[in-house]
Amino acid sequence: MQIGIIGGGLTGLVAAHALARDHKVILFEKMPYPGGCLSSYHINDYWIERYYHHCFSSDVSLFSLLEEMGLFEALEWRNGTTGSFARDTIYPLSTPLQILRYPELSIQDKARLGWLTLTAKNASLADLDDIPADQYIIENLGLNVYTSFFEPLLKSKFGDRRKEVSAAWLMSRIAIRSNRGVEGERLGYLRNGFHTLIDALVTSVTQKGGEIRLQEPVSSVARNNNRWTLNGIPCDAVISTIAPLELERSGGPALPPIPYQGAACLTLAMKRQVTNGIYWLNMKDPAPYGAVVTHTNFIPFERYGEHLVYLASYFSGTLPPRLDERMLSDFCSRFSVQPEEISWHRMAVDPFAGPVYTTGYRSLIPRYETSGLYLAGMFSQTNYPERSMEGSIRAGFEVAECLKKREQHE
Ligand SMILES: Cc1cc2nc3c(=O)[nH]c(=O)nc-3n(C[C@H](O)[C@H](O)[C@H](O)COP(=O)(O)OP(=O)(O)OC[C@H]3O[C@@H](n4cnc5c(N)ncnc54)[C@H](O)[C@@H]3O)c2cc1C
């Protein structure tokens, strides 16, 4: 079979890796580099992800893929400290004690927060899918818990679309992320960066005879009886890993309208760190970014010889004008940084950086086999409630398995 794969992110590469031994695989990627959201910059003599990345102790599919690629030993675990920037002050919020000391929440607020964390695992997601997260939190925990704790978190994940997010998403996320000990959450990172995983997948696909065509966006998708053509190239089966709406625009079938948001992430380098040693700082104060993620407060500075900071922001529709300039100047004034201290900065923008888990989202999730096509990616069931490397790896393997089963059946 000749299989066309649209998208060279983690899902597309994993599917290609799983299928290339027994099939002719042609993978189309619109960018000049592979990896999608998990692609990296090569700066000086190191690689750094375009968008901040870490993994979790529950990412079992990621671990077995790393094992298969001979990279498991390169996985390291470190404390991923978090905090909040409120009223011009940095508050650490990694440990239960630090949360107890956080002055923006009263004792009652903290008790309610503790109750929510304990009950999240047993919440009925079906009942919560139509309720907006802000309404649910305000009704059950009060306005202050929302504005002081959850709104900064929602803003750092969904920007201006935070009010559309469902309570089902919020409760599932609390359930999977509340497993932290007294020291805070342990997060994983691949020594030398996740670039090594993307590189290993590309090598595996090409060594098996698969073709990876970079800078070749699929702009036409057509069906002819049971076969497809992608940019005029005939395929017996097609796996699309791009946003369903983007596929539709290229001539693909009408698909569930999964809402997506864009991400704009400014990476900058400087000689000192300015977030009091905190890795992930959510902005409660209004700023043109929702979080300041200091990679070198997670992975040692010595590996890079400079501090690496991400300013993270999400947008819907088109990118707000001059966002990079506004982010940079806000960061410099808020954190007392002189512009000359920043040795370089780069902006990464992806208009389809992830679904927005709006109310009713769960009913939109497409099956792997839909409208004669195979669909897998950030919109798959495996990526709910959190799109992740783990979810995309599982989606890539599962869609490949689905295609193999269909072939055996025929
Ligand atoms: C800001 C940010 C931070 C993240 N942090 C983490 C984290 O810390 N931990 C974690 O586990 N996960 C994280 N993720 C999620 C993780 O990166 C994604 O789940 C995963 O990389 C998505 O892979 P994918 O292949 O499903 O989608 P994508 O990476 O989006 O891949 C789709 C590919 O399709 C290409 N494409 C689009 N249109 C076309 C076309 N017409 N023709 C050809 N190619 C096309 C795109 O260029 C892209 O390469 C983060 C994501 C973002 C955006």
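Small disclaimer: the values here were computed from a predicted structure and weren't measured. Numbering of residues starts from 1 in every chain and runs along the sequence as written. In keeping with the predicted nature of the model, local features appear solely for residues at pLDDT of at least 70, side-chain atom pairs appear and are counted solely at 80 or more, and the whole-chain, interface and lining totals rest on all residues. Computation of side-chain values covers all heavy atoms of the structure but excludes hydrogens and water.

A. Structural view of the sheet that holds strand 9 (residues 211-213). Two strands are counted as paired when DSSP detects at least two bridges linking them. Each helix corresponds to a stretch of at least 4 residues labelled H or I by DSSP, and each strand to a stretch of at least 2 residues labelled E; elements are numbered beginning at the N terminus. Across the sheet, which stays open at both edges, the six strands sit in the order 9-2-1-13-20-19 with mixed pairing between neighbours. Of all the strands in the sheet, the pair left with one neighbour each is strand 9 and strand 19 (369-370). By the bridge criterion, four bridges tie strand 1 (residues 2-6) to strand 13 (residues 237-240) in an arrangement that is parallel. By the bridge assignment for strand 13, isoleucine 6 is matched with serine 240. The strands touched by helix 12 (residues 389-409) are strand 1, strand 13, strand 19 and strand 20 (373-375); relative to strand 20, the strand with the most contacts, the crossing angle is about 155 degrees. The contact rule is simple, with two residues in contact once any of their heavy atoms fall within 4.5 Å. An axis is simply a line fitted to the C-alpha atoms; with a helix, the fit covers only the stretch in contact. Between two such axes, the angle follows the N-to-C directions and lies from 0 to 180 degrees.

B. Spatial organisation of the packing of aromatic side chains. Here a Phe, Tyr or Trp ring, Trp counted by its six-membered ring, pairs with any other such ring whose centre lies within 6.5 Å, and the pair is stacked when the planes are under 30 degrees apart, edge-to-face when over 60, and tilted otherwise. Enumeration according to the criterion identifies 20 aromatic pairs in this entry. With a centroid separation of 5.3 Å and an interplanar angle of 85 degrees, the aromatic rings of tyrosine 189 and phenylalanine 194 are classed as edge-to-face. On the basis of relative accessible area, phenylalanine 194 is assigned to the buried category, the value being 0%. Pairing tyrosine 260 with phenylalanine 352 gives two aromatic rings, centres 5.7 Å apart and planes at 70 degrees, and the pair type is edge-to-face. Each residue's exposure class comes from its accessible area (1.4 Å probe, protein chains only) as a fraction of the maximum for that residue type: buried when under 20%, exposed when over 50%, partly exposed otherwise.

C. Representation of the site of the ligand. The criterion for a residue being near a molecule or strand is simple. One of its heavy atoms has to lie within 4 Å of it. Near the ligand, the surroundings consist of 29 residues, among which Thr11, Glu29, His53, His54 and Val218 are the closest. Note that a nitrogen atom of the ligand is positioned 3.1 Å from one of the backbone N or O atoms of lysine 30. For this analysis, a polar contact is any N or O atom pair within 3.5 Å, provided that within protein one partner can donate a hydrogen and the other can accept it, and provided that sequence-adjacent residues contribute only side-chain to side-chain pairs. A distance of 2.7 Å is found between an oxygen atom of the ligand and a side-chain nitrogen or oxygen belonging to histidine 53. All accessibility values rest on the Shrake-Rupley procedure with a 1.4 Å probe; residue burial counts only the protein chains present in the view. Alone, the ligand offers 1000 Å² of accessible surface; in the complex the protein occludes 94% of this. At the level of elements, helix 1 (10-19) and helix 12 are the ones that each hand at least two residues to the shell around the ligand. Side-chain classes follow a simple rule in which Ala, Val, Leu, Ile, Met, Phe, Trp, Tyr, Cys and Pro form the nonpolar group, Asp, Glu, Lys and Arg form the charged group, and the remainder, Gly included, forms the polar group. The residue inventory of the shell around the ligand, partitioned by class, reads 15 nonpolar, ten polar and four charged.

D. Spotlight on the domain arrangement of the chain. Each domain's limits were defined by an automated method or a database of domain assignments. The domains assigned to the chain are domain 1 (2-53 + 194-257 + 359-409) and domain 2 (96-177). Taken over C-alpha atoms, the centre of domain 1 sits 33 Å from the centre of domain 2. The interface is formed by eight residues belonging to domain 1 together with 16 residues belonging to domain 2. When two parts are put together, the accessible area they lose, computed with a 1.4 Å probe and summed over both, is reported as buried area. Regarding the contact of domain 1 and domain 2, the summed buried area is about 860 Å², with carbon and sulfur atoms giving 48% of it.

E. Spatial organisation of the packing of helix 1 against helix 12. Relative to each other, helix 1 and helix 12 sit at 40 degrees, their axes nearing to 8 Å. One way to sum up the angle between helix 1 and helix 12 is to call them oblique. The handedness of the crossing between helix 1 and helix 12 comes out as right-handed. Contacts between helix 1 and helix 12 pair Leu10, Thr11, Val14, Ala15, His17, Ala18 and Leu19 from the former with Met389, Ser392, Ile393, Ala395, Gly396, Phe397, Val399, Ala400, Leu403 and Lys404 from the latter. Under this scheme an angle from 65 to 115 degrees is roughly perpendicular, one under 35 degrees roughly parallel, and one over 145 degrees roughly antiparallel; angles in between are oblique. What makes a crossing left-handed is the near helix being turned counterclockwise from the far one by less than a right angle; a clockwise turn instead makes it right-handed.

F. Examining the pattern of salt bridges more closely. Whenever Lys or Arg places a side-chain nitrogen within 4 Å of a carboxyl oxygen from Asp or Glu, that contact is recorded as a salt bridge. This structure, assessed with the given rule, holds 21 salt bridges. Note that glutamate 104 and arginine 87 form a salt bridge whose closest N and O atoms lie 2.9 Å from each other. Taken together, the positions of glutamate 104 in the loop between helix 3 (96-101) and helix 4 (107-119) and arginine 87 in the loop between strand 6 (82-86) and strand 7 (89-92) put the pair 17 residues apart, joining distant regions of the chain. The exposed category is assigned to arginine 87, whose relative accessible area is 60%. With a closest N to O distance of 3.4 Å, arginine 394 and glutamate 398 form a salt bridge. Of this pair, arginine 394 and glutamate 398 both sit in helix 12, four residues apart, which is roughly one turn of that helix. What makes arginine 394 partly exposed here is its relative accessible area of 35%. The class of glutamate 398 is partly exposed, set by a relative accessible area of 30%. Taken together, the shared-partner salt bridges connect Lys24, Glu211, Arg213 and Glu216 into one network.

G. Region of interest: the side chain of glutamine 261. With respect to the secondary-structure elements, glutamine 261 resides in strand 14 (residues 260-270). Take glutamine 261: its relative accessible area is 2%, and that puts it in the buried class. With near-sequence residues (within four places) excluded, glutamine 261 lies in contact with Lys157, Phe158, Tyr314, Phe315, Asp350, Pro351, Phe352, Ala353, Gly354, Pro355 and Val356.

H. Up close: the environment of asparagine 144. Considering the arrangement of structural elements, one finds asparagine 144 in helix 7 (residues 143-158). With 62 residues separating them in the primary sequence, asparagine 144 and threonine 82 have C-alpha atoms 20 Å apart. Residues contacting asparagine 144, with those up to four places away along its chain left out, are Glu104, Leu105, Ser106, Asp109 and Phe149. Engagement of the side chain of asparagine 144 in a polar contact is seen with the backbone oxygen of glutamate 104, the distance being 2.9 Å. Within the structure, the side chain of asparagine 144 is placed 2.8 Å from the side chain of aspartate 109, a separation counted as a polar contact.

I. Looking closely at the sheet that holds strand 16 (residues 291-294). Spatial ordering of the open sheet is given by 7-6-15-16-17-14-18, a layout of seven strands whose pairing is mixed. The sheet is open, and its two borders are formed by strand 7 and strand 18 (342-355), each paired with just one other strand. Put simply, the sheet's adjacent strands are angled 20 degrees from each other on average, direction ignored. Looking at chain direction, strand 14 and strand 18 are connected through ten bridges and run antiparallel. When the bridges of strand 18 are listed, alanine 264 appears paired with valine 349. Its contacts with the sheet place helix 7 against strand 14, strand 15 (280-283), strand 16, strand 17 (307-315) and strand 18, and it is angled at close to 105 degrees to strand 15. Across the face of the sheet, helix 11 (residues 323-334) comes into contact with strand 6, strand 14, strand 15, strand 16, strand 17 and strand 18 while running at roughly 50 degrees to strand 14.

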